[in-house]
Amino acid sequence: MMIARKILMVVSVVLLGICFCFAEQAFPSLEPIAEWNEDFSEPEDIIKAGLVFSECSIESESGHACLEQYRLLERTVTSKDFMSLPEKERAEKILSQMYSDVLIQYESGQTRIDTMFEQGTYNCVSSSLLYMALCKAAKISVKAQRTPLHLFCTVTVQGSRIDVETTNPLGFEPGVKKNVSKSGNSTRYAVIPKANYSGRHEVSDKMAVSLVARNLTSSYMKANNFERAVPLAVTRLVFLQDEKDTANDSRQDLDTACTNYVVYLQKKNLFFDALSWADALVDRWGSSVSFQKTYDNAIYNCIVGFCNADDYENAEECLEDRKNRVSAKQKDELEEAIFLQKTNYRVKAITNYDQAIAFLNQELGNPVAKRSQNVRKKLTETIEYTWLKKIDSIAASGDYIKAAACADSALAAFGESAKLRNAKRQNLYNHSVTVHNAFAKLANEKKYDEALEEVDKGLEVNPSSDILKKDKRSVEAIIKKKSR
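Here's what I pulled together on the structure shown here. Here, residues in each chain are numbered from 1, in the same order as that chain's written sequence. Totals for whole chains, interfaces and linings use all residues, but because this is a predicted model, local features are given only for residues with pLDDT of at least 70 and pairs of side-chain atoms are given and counted only at 80 or more. Values reported for side chains reflect all heavy atoms of the structure, with hydrogen atoms and water molecules removed beforehand.

1. Comments concerning the overall build of the protein
Thought 1: Each helix is a run of H or I in the DSSP string that is no shorter than four residues. Each strand is a run of E no shorter than two, and both are numbered from the N terminus. Secondary structure assignment for the protein yields 20 helices and eight strands.
Thought 2: For 484 residues, the compact-globule formula gives about 23 Å, and the C-alpha radius of gyration of the protein, at 40 Å, lies well above that figure.
Thought 3: For the exposure calls, accessible area comes from a 1.4 Å probe over protein chains only, and a residue counts as buried if that area is under 20% of its type's maximum, exposed if over 50%, partly exposed in between. For the protein, the residues scored as buried account for 47% of the 484 residues in total.
Thought 4: Residue contacts are counted whenever heavy atoms from the two residues lie within 4.5 Å of one another. Of the contacts made within the protein by residues no fewer than 6 positions apart, 63% connect residues no fewer than 24 positions apart.
Thought 5: With residues, only the protein chains shown are counted as cover, and all accessible areas are computed by Shrake-Rupley using a 1.4 Å probe. For the protein, the accessible area works out to roughly 24300 Å², and carbon and sulfur atoms hold 49% of it.
Thought 6: Counted as positive: Lys and Arg. Counted as negative: Asp and Glu. His and the chain ends are not counted at all. By convention, the charge on Lys lies at NZ, on Arg at CZ, on Asp at CG and on Glu at CD. The averaged location of the 66 negative side-chain charges in the protein is 8 Å from the averaged location of its 64 positive side-chain charges. Radius of gyration here uses only the C-alpha atoms, and the compact-globule reference equals 2.2 Å multiplied by the residue count raised to the power 0.38.

2. Remarks on the side chain of Arg90
Thought 1: Positionally, Arg90 belongs in helix H4 (residues 87-101).
Thought 2: A pairing counts as a salt bridge when a side-chain nitrogen of Lys or Arg comes within 4 Å of a carboxyl oxygen of Asp or Glu. Buried and unpaired, Arg90 has Glu87 as its nearest opposite-charge partner, separated by 4.7 Å.
Thought 3: Arg90 has contacts with Phe82, Met83, Leu85, Ala138, Lys139 and Ile140, leaving out every residue within four places of it along the chain.

3. Details of the packing of aromatic side chains
Thought 1: Put simply, two rings from Phe, Tyr or Trp (the six-membered ring, in Trp's case) pair if the centres are within 6.5 Å, and we call them stacked under 30 degrees between planes, edge-to-face over 60, tilted for the rest. Across all of its chains, the model carries twelve aromatic pairs by this definition.
Thought 2: For the ring pair Trp36 and Phe40, a centre distance of 6.1 Å and an interplane angle of 50° mean the geometry is tilted. Per residue, the accessibility class of Trp36 equals that of Phe40, and both read buried.
Thought 3: Considering the side-chain rings of Phe272 and Phe306, the 6.3 Å spacing of their centres and the 70° angle between planes classify their relative orientation as edge-to-face. Residue Phe272 is found in helix H10 (residues 271-285), and its partner Phe306 is found in helix H11 (residues 289-308); the two are separated by 34 residues along the sequence.
Thought 4: By the ring-pair criterion, three or more aromatic residues cluster together here, those being Trp36, Phe40, Phe53 and Phe239.
Thought 5: Any Lys NZ or Arg CZ that is within 6 Å of a ring centre and within 35 degrees of that ring's normal is treated as a charge sitting over the ring. The ring of Phe239 has Lys206 lying over it, and the distance from NZ or CZ to the ring centre is 5.0 Å.

4. Details of the packing of H11 against helix H12 (residues 312-321)
Thought 1: Taken N-terminus to C-terminus, the directions of H11 and H12 make an angle of 160°; their axes are 7 Å apart at the nearest point. On the basis of their axis angle, the class for H11 and H12 is roughly antiparallel. Where H11 crosses over H12, the handedness of that crossing is left-handed. Residues Ile299, Cys302, Ile303, Phe306 and Cys307 of H11 form the contact with H12, whose own contacting residues are Tyr312, Asn314, Ala315, Cys318 and Leu319.
Thought 2: Here the residues of the contact of H11 with H12 are counted per class, giving nine nonpolar, one polar and no charged. Axis definition: a line fit to C-alpha positions, over the contact stretch in the case of helices; interaxial angles, taken between N-to-C directions, run 0 to 180 degrees. The scheme is simple: roughly parallel for angles under 35 degrees, roughly antiparallel for over 145, roughly perpendicular for 65 to 115, oblique for anything else. For a crossing to be left-handed, the near helix must be turned anticlockwise from the far one by less than a right angle; the clockwise case is right-handed. The nonpolar class holds Ala, Val, Leu, Ile, Met, Phe, Trp, Tyr, Cys and Pro. Asp, Glu, Lys and Arg form the charged class, and all remaining residues, Gly among them, are polar.

5. Brief notes about the environment of Met132
Thought 1: Along the chain, the position of Met132 falls in helix H6 (residues 124-137).
Thought 2: Spatially, the C-alpha atoms of Met132 and Arg214 are 18 Å apart, while their sequence positions differ by 82 residues.
Thought 3: Beyond its immediate stretch of four places on either side in the chain, Met132 contacts Ile46, Val142, Ala144, Cys153, Asp205 and Ala208.

6. Concerning H4
Thought 1: Counted at 1.5 Å a residue, the expected span for H4 with its 15 residues is 21 Å, and the 21 Å between its end C-alpha atoms agrees.
Thought 2: Looking only at H4, the buried set comprises Arg90, Ala91, Ile94, Leu95, Gln97, Met98 and Tyr99.
Thought 3: In this structure, the buried residues of H4 make contact with helix H2 (61-77), helix H3 (80-83), strand E2 (121-122), H6, strand E4 (150-157) and strand E5 (160-164). Multiplying one less than the number of residues by 1.5 Å gives the expected span of a helix.

7. Considerations on empty space enclosed by the protein
Over the atoms a probe the size of a water molecule is rolled, and this reveals where empty space is left.
Thought 1: Whether a set of points on the 1 Å grid over the protein atoms alone is a cavity depends on a 1.4 Å probe fitting there but being unable to get out, while an open set qualifies as a pocket with protein on both sides within 12 Å along at least five of seven lines; lining residues are those with an atom within 4 Å of a point. Grid points are joined across faces, edges and corners, and a volume is the space filled by probe spheres set on the points. Inspection of the entire model under this criterion finds one cavity of 30 Å³ or more.
Thought 2: Estimates place the volume of the largest cavity at around 70 Å³.
Thought 3: What lines the largest cavity is a set of ten residues, among which Ala213, Arg214, Thr217, Ala233 and Asp253 lie closest to the centre.
Thought 4: Put simply, the parts of the chain that give the lining of the largest cavity at least two residues each are helix H7 (205-222) and helix H8 (226-239).
Thought 5: Among the elements that line the lining of the largest cavity, the one with the most residues is H7, at five residues.

8. Some points on unusual backbone geometry
Thought 1: With a phi close to 50°, Gln158 is a non-glycine residue in the positive phi region.
Thought 2: For Gln158, the location among the structural elements is in the loop between E4 and E5.
Thought 3: Phi is positive for Asn224, close to 60°, though the residue is something other than glycine.
Thought 4: With respect to the helices and strands, Asn224 occurs in the loop between H7 and H8.

9. Description of the nonpolar core
Thought 1: Nonpolar core, defined: a set of buried Ala, Val, Leu, Ile, Met, Phe, Trp, Tyr and Cys residues in which side-chain atoms within 4.5 Å join the residues together. Core analysis: the biggest nonpolar cluster contains 101 residues, and Ile94, Leu130, Tyr131 and Val155 have the highest contact counts within it.
Thought 2: Apart from residues no more than four positions distant in its own chain, Ile94 is found in contact with Val77, Phe82, Tyr131, Leu134, Cys135, Ala138 and Ile140.
Thought 3: Formed by 24 residues, the second largest nonpolar core is a distinct cluster that contains Ala369, Trp387, Cys406 and Ala407.

10. Description of the sheet that holds strand E8 (residues 201-203)
Thought 1: Being paired, for any two strands, means DSSP has found at least two bridges between them. Pairing is antiparallel across the open sheet formed by four strands, whose spatial order is E5-E4-E3-E8. Every other strand in the sheet has two partners, leaving E5 and E8 as the edge strands with one partner each. Strand-to-strand twist in this sheet, taken as the mean axis angle between neighbours without regard to direction, amounts to 35°.
Thought 2: In the sheet, strand E3 (residues 141-147) pairs with E8 via three bridges, with the strands oriented antiparallel. Bridge pairing in E8 places Arg146 opposite His201.
Thought 3: Packed onto the sheet, H4 meets E4 and E5 and runs at close to 155° relative to E4.

This is the structure we're talking about:
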């Protein structure tokens, strides 16, 4: 079976309280490990290309040994006796010859061609490529069939198409009962069931060979070995650049490898490195719909890191330098985020409430604020909050009437606000309670004239207070009763 891709999703989060790190990072190469320029005119070209994708140089000692093994096997299946067999029998015997001379043990992840020849271990990809090359040498029409998790072959003999499951020595025409041995009067049979071939899609020889690189890339990603995963994915992209098949997922696989590497760097808090490497990928191979999401997340996390360090100059420069790479939506959101966080930082440095309010009102005229309803809403909330802080600071001194007057000024300048109106109401109430308590103390001491004077002074500045009006009525009734 082919190894499923490992895909990590990048999540955009505000990274508060983290270390924004920079490091000397040895990035994975964005160049192919090798280029294949042959046109598959010879059967062994499949094996040669498979060796390249297995990271085994054709010119190496191992490469020479593997090719010699293949050539011996090819000479067997192209011998006069072999070629004299009927076409269907010849196609089936090629499979059994592979198991006689090379294949020993199935391993789902063993896709390398050199390892297949050296150790006899194989999977569906490596065994299918060997079968394809030998069939072509023996003049048998063969095609690779790909499913989401598997590769097998189909041969066409005497006008009939026959499936071949290369991971089993009895895999020729799966589903057909085979005679495997005879003992005395009994005969033993075996039936190789058809694997799950749903979603099958016939692919070119190039696509089939490229799956060696695809599987190895996936294996390297699982081990976070991006130094080898990325160049292999690039190699496959270049190899399949002219492939028009809808099954050409080479760019998607490169994006997956690069996304996983960006996430890997971000998990190490290397946000600027992650973005710089994403820049390098876009410069070398362009962007794509899927990688654009990764890029947007990379610049988001990098700029958040700058902003959390109150480094707005670098945050703005980072975005300006990449305005043609980031998506329009992310660009607008980042401009807004930088503007708001920078504004909040500057407001905190202003100790005078009036100056802070004036600054915030001025910022409402900024182009970012004019463009964005969300920014205007945030600024307006901050202005309201600053007014409330000013009112609270006055109230803290005990001058509730002055605090209420400040709330009136805020309402006049800011406009209608339930919070500001409530602040005014609360301060007038606090004033009423303060006067009432002083009044009650005097009244309890039977100093009624002084109590009346206290409540009158309170009503003079807070004439609408029901509490003080009630106090005035009660003390006036006592004084009137005493005067009789």
